[in-house]
Amino acid sequence: MAAATHQSAIKGAPATGLASLIDAVKTRFVRYRVYSQTVNELSELSNRELADLGLHRSMIRRLALQAAEEYTAH
C-alpha cells in the first residue's frame with residue numbers, strides 16, 4: 001500500500017514541474033512584452049514630453065521594468 005502511494009506521488013511530480021515551468025515561461029514572456037512595449041512607447045516621446053510627465057530619459061528602462069513586474073504580479 002505504501003509503495004503504491006509513493007509511486008503515484010512520483011508520477012505526479014514531473015507533471016507539476018512541467019506545469020510550473022510552462023507558467024514561468026509564460027510569465028517571463030508577458031513580462032518581456034510589457035517591458036518592450038513600455039520602453040518603445042516612452043522612447044518615442046521627446047525630452048520635452050518626458051519632462052512634462054516628470055520623467056527623464058534615463059528613467060525609461062527602470063520604469064518599464066517596474067511596469068512589467070507590476071503587470072505580472074496581478
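Residues numbered from 1 in each chain as written. Predicted model: local features only at pLDDT ≥ 70, side-chain atom pairs only at ≥ 80, totals over all residues. Heavy atoms only, no water.

Participant: Honestly, the overall build of the protein chain in this entry has me stumped. Any pointers?
Facilitator: Helices and strands together make up the secondary structure of the protein chain, namely three helices and zero strands. Element order for the protein chain, N to C, with α for helix and β for strand: α-α-α. For the protein chain, the residues scored as buried account for 12% of the 74 residues in total. For the protein chain, contacts bridging at least 24 residues in sequence account for 53% of all contacts bridging at least 6. Summing over all exposed atoms, the protein chain offers an accessible surface of approximately 6100 Å²; the carbon and sulfur share of this is 59%. (Helix = DSSP H or I, 4+ residues; strand = E, 2+ residues; numbered from the N terminus. Buried < 20%, exposed > 50% of the residue type's maximum accessible area, 1.4 Å probe, protein only. Contact = heavy atoms within 4.5 Å. Areas by Shrake-Rupley, 256 points an atom, 1.4 Å probe, with all protein chains shown as cover.)

Participant: I tried to follow the nonpolar core on my own but got confused; where do I start?
Facilitator: Most often, soluble globular proteins keep nonpolar side chains buried together rather than apart. In terms of nonpolar packing, the biggest core is built from five residues, these being Val39, Leu42, Leu50, Ile60 and Ala64. Sorting the residues of this core by element identifies α1 (2-43) and α3 (60-73) as the ones contributing at least two each. Sequence-distant contacts of Leu50, that is, excluding residues within four places in its chain, are made with Leu42, Leu45, Leu55, Arg57 and Ile60. (Core = buried A, V, L, I, M, F, W, Y, C linked by side-chain atoms within 4.5 Å.)

Participant: Teacher, can you tell me more about a nonpolar patch on the surface here?
Facilitator: Together, Leu18, Leu21, Ile22 and Val25 make up a nonpolar patch on the protein surface, roughly 370 Å² of accessible area in all. You can see Ile22 is positioned in helix α1. (Patch = residues over 30% accessible without salt bridge, like charges linked within 9 Å, V, L, I, M, F, W, Y side chains within 5 Å. Salt bridge = Lys/Arg side-chain N within 4 Å of Asp/Glu carboxyl O.)

Participant: Which parts of the structure should I look at to understand the pattern of salt bridges?
Facilitator: For side chains of opposite charge, pairing can occur when their charged atoms come near one another. Per the counting criterion, the structure on display carries one salt bridge. The closest approach of N and O atoms between Asp52 and Arg48, which form a salt bridge, is 3.7 Å. Here Asp52 and its partner Arg48 are both found in helix α2 (residues 47-52), four residues apart, which amounts to about one turn of the helix. Looking at Arg48, the relative accessible area reads 63%, which means it is exposed.

Participant: Explanation requested: the environment of Arg31 in the structure shown.
Facilitator: Mapped onto the elements, Arg31 comes out in helix α1. Each C-alpha atom, one on Arg31 and one on Leu65, is 8.3 Å from the other, the two residues being 34 residues apart in sequence. Excluding its chain neighbours within four sequence positions, the residues that come into contact with Arg31 are Ala68, Glu69 and Thr72.

Participant: Hey, could you run me through the confidence of the model for the protein chain in this one?
Facilitator: Averaged over all residues, the pLDDT of the protein chain is 87; the fraction at 70 or higher stands at 80%. The least confident element of the protein chain is α1, whose mean pLDDT is 81; the most confident is α2, at 98. (pLDDT = per-residue confidence, 0-100.)

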